[in-house]
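Descriptive analysis of the structure
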Amino acid sequence: LVIDEAHRLEDEATRQLGWEVSQGWLTDHVERLSNWLNEMRTTGLRFGLSKTQMSQLESLVFMAEESLPKLRGTWSQLWAMFEGFFLNQTSAHDQRAQVRLTNELKSQSGWSSLDMTWGNCDISLRAIESNLERLNHYIELIDIKDQGNWDTLAYNVESWSEEVSELRMRLESTIGKDVEDDRIDWITQKYDSTLTLHSVPMRVDSYLEKGLFEKKDMVVLCGATLSIGEDFNFIRSRLGLKEADEVSLGSPFDYEKAALVIVPKDVPQPGVKGYKETVESGLASIVNAVNGHTLALFTSHAALRAARQTLIDTVEGSGINVLAQGIDGSAHRVVQRFIERPRSILLGTSSLWEGIDVPDGLLKALVLVRLPFNVPTDPIFSARSEQYQNSFVEYALPQAVLKFRQGFGRLIRNSKDRGVVVVMDSRVLNKAYGHLFLDSLPPCTFKTGSI
């Protein structure tokens, strides 16, 4: 098995091995079940069941249907409690759209009320499960020669019941018990105020070791950002690679001639007064100097939105287009628009730090607005950070360095590409750890100076 872009393996395994339950889960599921139950009545009549059989079928279908209103009610009460608890953890000025569930949080009085409400919802879910089990058992006893549609309906109802059983176990593990050391649980709220409950493994190394690496004769992990310098220890520890050969190959590109890396000395440190204004005016200068052909990578959607508005006011008058991921289209759409009209500045975040390719020579300037440290309040990041004695040095810093290298890699994609990379974050010059970011880059031409 060959896994390319293997730096993403931990995140993808985390996603695949996790689960989520949204507030709106029940609406769609109940509607489907109601349709199937109704079809059972009509199918039973079509197959010519006896009066006794139809009476028993009708009775069992009715019992299942009768369970649904109560389930809707207890489900609504449960999520109303979740919403109240969620709002108590945030304030009107708090922009967090997620709350991590910890044992400390669950010890609050509000959680015990939520737990009681979950108990009522659990009873409702068990009732519908029990009624569907009786219905399915009766269906198995009916002898019908041509069972095509009948079998499909029975399978659908049984699958629905199994899904409810799994849902109950998931909710019970999150609501009714202490947070387990090997799971990370949290609640998110979308812009439409819908809540979703999430759970993922604390670590995926043991899953990968037993479920993947040990089952294959050979696995090859490859990618441009698997090491920090020549050191693979970080990726080894995250993926559970106790024994693996490693090789680090040089690049075929002449970075010294192809890439100029500039770090302005007079940009204030992020968070310091004047940083936002200096970055935005610097972006305008750069995009005017190279007549578009610029990709600027942000770590914050808010900063991206603010820069977009400033750039519209300052550079669109000279015919340079401003494209912002998530505002002017999806990542794929804004990249396509940039390719169609390269006299543009493309503002990107998250996914555009990696995986973006544009035709030869189209990109002339790449701006890394800020070092890509993870948001400290991100539930997965904060939970995994707690496993380290020095989480910044051992976890946050290696992750940021690898993502920094991913961002840098957007500029030089083949031997014909050439351009400038501007790092707007002065911490690479004046923090003790800053050299790790610059040292992780290939040997480019390097300069510092005024913005």
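Figured I'd write up the structure that's included with this text. These numbers come from a predicted model, not from an experiment. Along each chain, residues carry numbers from 1 onward, in the same order as the chain's sequence is written. Local features in this predicted model are restricted to residues of pLDDT 70 or higher, and side-chain atom pairs are both shown and tallied only at a pLDDT of 80 or more, whereas totals for entire chains, interfaces and linings draw on every residue. Hydrogens are left out, water is left out, and the side-chain values use all remaining heavy atoms of the structure.

Moving on, we get to unusual backbone geometry. Residues other than glycine seldom take positive phi values, yet glutamate 5 does so here, at roughly 50°. Counting from the N terminus, the helices are DSSP H or I runs at least four residues long and the strands are E runs at least two residues long. Relative to the elements of secondary structure, glutamate 5 occurs in the loop between β1 (2–3) and α1 (9–16). Positive phi, normally seen in glycine, also occurs at asparagine 291, with a value near 60°. Considering the arrangement of structural elements, one finds asparagine 291 in the loop between α10 (275–289) and β8 (294–298). Only protein chains enter the area calculation, which uses a 1.4 Å probe; residues under 20% of their type maximum are buried, those over 50% are exposed, and those in between are partly exposed. Note on asparagine 291: relative accessible area 34%, which makes it partly exposed.

Think of it this way: DSSP has to see at least two bridges between two strands before they count as a pair. Here seven strands make up an open sheet; going across it, the order is β9-β10-β8-β11-β12-β7-β13 and the pairing parallel. Edge strands, defined here as strands with exactly one partner in the open sheet, are β9 (321–324) and β13 (445–449). With direction set aside, neighbouring strand axes in the sheet form an average angle of 20°. One ladder, built from four bridges, connects strand β7 (residues 259–264) with strand β12 (residues 419–423); its direction is parallel. For helices, the fitted axis covers only the stretch in contact; all axes are lines through C-alpha atoms, and the angles between them, taken along N-to-C directions, range from 0 to 180 degrees.

You can see leucine 78 is positioned in helix α3 (residues 51–88). Separated by 369 residues in the primary sequence, leucine 78 and lysine 447 have C-alpha atoms spaced 58 Å apart. Those residues within four positions of leucine 78 in sequence are excluded, and the remaining contacts are Leu114, Thr117, Trp118, Cys121 and Ile175. Only heavy atoms enter the contact rule, under which two residues are in contact if any of them lie within 4.5 Å.

With that settled, the discussion passes to the sheet that holds strand β5 (residues 195–201). If you trace the four strands from one edge of the open sheet to the other, you get β2-β5-β4-β3, paired in antiparallel fashion. Bordering the open sheet on either side are β2 (19–22) and β3 (98–101), each of which pairs with just one other strand. Averaged over all neighbouring strand pairs, the angle between strand axes comes to 20°, with direction disregarded. Both β3 and strand β4 (residues 183–189) contribute to a ladder of four bridges, which runs antiparallel. Bridged to leucine 101 within β4 is aspartate 185.

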